[in-house]
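If you want the building blocks of each chain, they are given just below.
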Amino acid sequence: MARLCAVAGIGQTQYSARRDDVSIAGLLREAATRALEDAGMDWPDIEAVVVGKAPDMFEGVMMPELYLADALGCSGKPMLRVHTAGSVGGSTAIVAASLVQAGIHERVLTVSFEKQSESNAMWALTVKTPLQASVVAGAGGYFAPLVRAYMNRSGAPDDTGIRVALKDRRNALKNPYAHLRDPNMSFDTIASSPMLWDPIRLHEACPSSDGACALVLTSERSVRKTKYAPAWIHATSMRSEPTQFAGQEKVNPQSGRDCAKDVYKKAGISDPRKQIDMAEIYVPFSWFEPMWMENLGFAPVGEGWKMTYEGATALDGDMPVNCSGGVLSSNPIGASGMIRFAEAAMQVRGQAGEHQVDGARIALGHAYGGGSQFFSMWIVGSAKP
Amino acid sequence: MSEIVSEEGGILTAPHVLEYPYRRSVGPVLGRFFTELRAGRIVGLRTQQGRVLAPPQEYDPETGAATGSDFVEIGPGGVVTTWSWVVRPRAKQPLDRPFAWALVKLDGADTAMLHAVDAGDLSRMRTGMRVRPRWRAERVGHIHDIECFEPEPQATADNGLGGERQRAGELAMAEEAQKPVTNIKTPMRLEYRYSAGIATSRFLHGIAQGKILGQRCPSCSKVYVPPRGSCPRCAVATEEEVELSDKGTITTYAIVRVPSESIDVPLPFASVHVLLDGADLPMFSVVQECPLDQIRMGMRVQAVWVPREQLGPTLQSIRYFKPIDEPDVPAEKLQETV
Amino acid sequence: MRDVAIVSFASAPNRRTDLRNEVEILMPVVQEAVARSGIARPFDFTCSGSSDFLQGTPFAFVIALDAAGAWPPIAESHVEMDGAWALYEAWVKIQAGQAETALVYAFGKSSPGDLPEVLATQLDPYLVAPLWPDSVSLAALQARAWLEKTGNSERDLAAIAVRSRRDAKANPNATLSGDFEIAKLLAEPYVAAPLRAHDCSPSCDGAVAVVLAAGDRARGVCKRPAWIRGIDHRIEPHALGMRDLTVSSSTRIAGEKAGVGNGAVDLAELHAPFTHQEAILREALGLGAGVAVNPSGGALTANPMMAAGLARIGEAASRIWDGSARRAIAHATSGPCLQQNLVCVLEGE
């Protein structure tokens, strides 16, 4: 019953540690303007706007979409603000898509962002609260013990994480928007970088970035003829589970497995590794590539690391993952999920430039957040579903 | 600890401060506005439709178009279009005595800006009155460069404060004024009284007596610690209290070597998940009295408490966990409790 | 459009200070709404509304998931907005055919902080927020502009407060209620002139939950479902100096799009945290003198932040269920001086 929804325009900002040249509004605007241009549209064409970002403490502006209404041409229009922790970029795109799928709007702009340089990411993510335990240092402090548990269970070689990081950082050299672009990054540089949250090294962790990503989503009849044909949304899915409970599987969470199963089913995919041509997945710490390969059903449990090791996830592998350089190379948290969704769409539109996977027709965008408890995914294709 | 108060029903509350010295890059449009403020001038921005927006907006609220760079000097005087009277000013507000908030349409502008008006008394305020800015002597390129607005002398009796400062404001700030303003500081400090809620308060009262109290789910019988008053798995409230051992097993860990503003433990330290004996999910803590390279999954540990007389309703009553001389728990037994 | 109805609603007691934590406040509310709906978990979709700044701790909504019933994993989303917009998102999901039932909840604790000051962090972070104008003072600017334009008086505003507090006597979840005399209220000092305490909603801690169901699912569990015949929301420019504060253009557009004028209106639950805003909203929606406004007492007697808008929809639906209204309007607002507004038209069969 749902209508088709197309990804008709994509825009990203330059990602960097500090975008000192723009205000918060200017940052979003850069991505939004590019998405509109890509879609062959202008501000009056847009019927509704959906904004996403992670905690408001990053910028110290409560519900900043209120202030951003002017910058996003929203006067007299509907505007929504989504926040589902780290998965928010993905969830925001899904909410925007459902406005088109439901037949409510023809052309929707969705933008997600984070301007982390206004404060400090470690502070904003783990603000000290009285009367609560306070021994978790930012996202790395939270996820490092889970990485260790995965290493222990899978028996993966210790350098798996280094290999993931090297692949992603090399891919980032092919992505003009990427934050970390160091041509001299080598296995040894990563291996010898300091342990921040042992077992996670500095160069195996995501940076803290300023950036925004925007998409123009439209109905079939509102697609305009532009340089690139649109990507078609084949399926979307979201799953959540509570933060912490007895018997919870933290390393290979059920919410992620359920979400993948659901999105594959809706997209008619029975063998993901064969049928999906590439994936942009949320890997903020290198070891999450093998962990999510298992969670997403690309590899049997305990064998995700083999995909990295065998080069399957490389740009020229049989299941390329994070050809853009991924979250490991650019991480404006609120936008990171939408960047994954956007990069997946860029691949099936053939607009990924130097990091294009030849002949990509079906791609997966993936985001997760909270304590590995919020998942959002979409599958996009070059052909209509 | 003295700041923790036990309120009605034994519920604990404590002060919580959300504070950060945000530093904002302002972009070219606002940058120009702040640069001019520093020089003691106010500029608006003329849109393509010919409206003068003041203060300048980066994007035209009516059309969504970028507003460009057609800056025009406006004011400094203007007219109050509406106002409210603050009886008891808050500490962060521009004036420490009763004052007005007003929307001021500056001469030459088509929109109004919000600022404070120092009128002395409510009776001196009215819509349509003329006001002028009172400049701060030391200006940095910030909205605070205008200390406030004040009634123009012809409209009301001059209180004598305005003229001097205005003249001071007209003195160009020599070299500093050459560099455009690109950043502003907007510190934030919000003070809260945080309440721990029922379950956490009970747990902390137990800690104050040297006891670790968990809660058992009436539906799945799993034991939670620290208890949160519910079993998220079953979505039911938990009430039955269970006293737990202060011994447990490390299910996984990380060695933290990076500083964080939220943590007081000296670096590096072992951040661990400890499954207390009798509990069904681990709690987060730290391990000490153990070389970092000897920490391992399955290792048996025990809480080290502060001296009895220092016990209080806070997690700091458990200083850390230390290794104990018991055989490790095999890894396969810990699969479900990372 | 698919037929979608509100089939159940529950609210926390909206105390000025509720020392329970968010999960402890929310869980019984969600359980009550679920039990009243007659629909067994899991819901096809769950959506919530809240804001981290109220308590000053990030990820409030993450912990609140403990109360929602999220195991096995659920399809779930969250808006950093009033729960009325969470309801909108859930309604969209049902319209897209991606769900038949949905649980919507919202919560907010205002008591830990100084709410009018906390809300100053919603303002333009460069030009306005650094001055720390509190939300009451800004509403007072709007009130004066409205009073001076319309020729209404502070007495007219007090009358709205008196009516709201009297109506709230029948609402067990109201923060304040009772019989008051206009003259006595007008003798009280200003909080921010021209507003006095009675013109402003009391701060409270609260939570609400609502269950939505499509078509026959709704008919199967509810004798007289409150059908959503139209729902729309709009936003205006942020800067107060760019807007005509005496009217609510976004409410007017949302009302038109939602079809408020397509039939007689029996009652309206308007999310007006200040007395003058009720009058502005009434006019924007074209509600005549015959329309009963805020029979629950409205936000002037209980305004749980992030939940009060969703509560308006629940209260309006309640009056459809009990047959006291055939057609009702519910409204929610967000942002300084009515910047963003949502309008929902509900009808009995």
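Cut-offs applied
Residues numbered from 1 in each chain as written. Chains lettered and ligands numbered in written order. Predicted model: local features only at pLDDT ≥ 70, side-chain atom pairs only at ≥ 80, totals over all residues. Heavy atoms only, no water. Phe/Tyr/Trp six-rings, centres within 6.5 Å; stacked < 30°, edge-to-face > 60°. Helix = DSSP H or I, 4+ residues; strand = E, 2+ residues; numbered from the N terminus. Buried < 20%, exposed > 50% of the residue type's maximum accessible area, 1.4 Å probe, protein only. Lys NZ or Arg CZ within 6 Å of the ring centre and 35° of its normal. Core = buried A, V, L, I, M, F, W, Y, C linked by side-chain atoms within 4.5 Å. Domains from an automatic or database assignment. Buried area = accessible area lost by both parts, 1.4 Å probe. Salt bridge = Lys/Arg side-chain N within 4 Å of Asp/Glu carboxyl O. Contact = heavy atoms within 4.5 Å. Polar contact = N/O pair within 3.5 Å; in protein donor to acceptor, adjacent residues only side chain to side chain. Nonpolar A, V, L, I, M, F, W, Y, C, P; charged D, E, K, R; others polar.

Counted under the stated rule, the structure contains 24 aromatic pairs over all chains. Both rings, one in Tyr282(A) and one in Tyr368(A), keep their centres 5.4 Å apart while their planes meet at 80°; by these two values the pair is edge-to-face. With a gap of 86 residues between them, Tyr282(A) in the loop between strand S9 (278–280) and helix H10 (288–295) and Tyr368(A) in strand S10 (residues 362–369) connect regions that are remote in the sequence. You can call Tyr282(A) buried: its relative accessible area is 5%. Residue Tyr368(A) is classed as buried on the basis of its relative accessible area of 2%. Here the aromatic cluster, defined as three or more aromatic residues joined through ring pairs, consists of Tyr142(A), Phe143(A), Trp197(A), Tyr282(A), Phe285(A), Phe288(A), Trp292(A), Tyr368(A), Phe375(A) and Phe284(B). Across from the ring centre of Phe113(A), 5.5 Å away, lies the NZ or CZ of Lys53(A), which sits over that ring. Positioned above the aromatic ring of Tyr309(A) is the side chain of Arg163(A), whose terminal nitrogen or guanidinium carbon lies 4.1 Å from the ring centre.

This brings us to the nonpolar core. Leu72(A), Trp197(A), Tyr264(A), Phe298(A), Phe34(B) and Tyr105(C) are the most contacted members of the largest nonpolar core, which totals 252 residues. Element by element, the count of residues in this core is highest for helix H1 (residues 24–39) of chain A, at nine residues.

As a further point, take the domain arrangement of chain C. All names here are of chain C. Along its sequence, chain C is organised into domain 1 (4–114 + 203–226) and domain 2 (115–195 + 228–347). A C-alpha centroid distance of 22 Å is found between domain 1 and domain 2. Between domain 1 and domain 2 lies a buried interface of about 3300 Å² when both sides are counted; carbon and sulfur atoms form 68% of it. Taken as a group, Trp-85, Asp-114 and Arg-224 account for 22% of the area that domain 1 buries against domain 2, more than any other trio of residues on that side. Inspection of the domain 1/domain 2 interface yields zero salt bridges. Only strand S1 (4–11), helix H3 (83–95), strand S4 (101–109) and strand S7 (205–214) provide two or more residues apiece to the side of domain 1 that touches domain 2. Element by element, the count of residues in the side of domain 1 that touches domain 2 is highest for S1, at seven residues.

Only a minority of non-glycine residues have a phi that is not negative, and only a minority of peptide bonds are not trans. Residues Asp198(A) and Pro199(A) are joined by a peptide bond in cis, for which omega reads 20°. Position of Pro199(A) relative to the elements: it lies in the loop between strand S5 (195–198) and strand S6 (200–201). At the junction of Gly75(B) and Pro76(B), the peptide bond is cis and its omega measures out at 5° in the coordinates. A positive phi is found at Met306(C), a non-glycine position, where the angle reads about 70°. Relative to the helices and strands, Met306(C) resides in the loop between strand S10 (292–293) and helix H11 (308–321). You can call Met306(C) buried: its relative accessible area is 4%. Even without being glycine, Cys337(C) reaches a positive phi, approximately 50°. Inspection of the secondary structure assignment puts Cys337(C) in the loop between strand S11 (327–334) and strand S12 (340–347). Judged by its relative accessible area of 7%, Cys337(C) falls in the buried class.

Once that is clear, we can look at the interface of chain B and chain A. A common way to report how large an interface is uses the accessible area buried once the components associate. Every contact between the two is made by 65 residues of chain B and, on the other side, 60 residues of chain A. Contact between chain B and chain A buries roughly 5200 Å² in total, counting both sides, with carbon and sulfur atoms accounting for 57%. Notably, a salt bridge pairs Asp20(A) with Arg23(B), separated by 3.5 Å at the nearest N-O pair. The tally of links between chain B and chain A comes to 20 residue pairs in polar contact (both at pLDDT 80 or more). Residue assignment for the side of chain B that touches chain A shows that the elements contributing at least two residues are strand S2 (12–25), helix H1 (27–38), strand S11 (183–195), helix H3 (197–208), strand S17 (247–256), strand S18 (269–276) and strand S19 (283–287) of chain B. A total of twelve residues in the side of chain B that touches chain A trace back to one element, the largest contributor, which is S2(B). Taken together, the residues of the side of chain B that touches chain A break down into 36 nonpolar, 17 polar and twelve charged.

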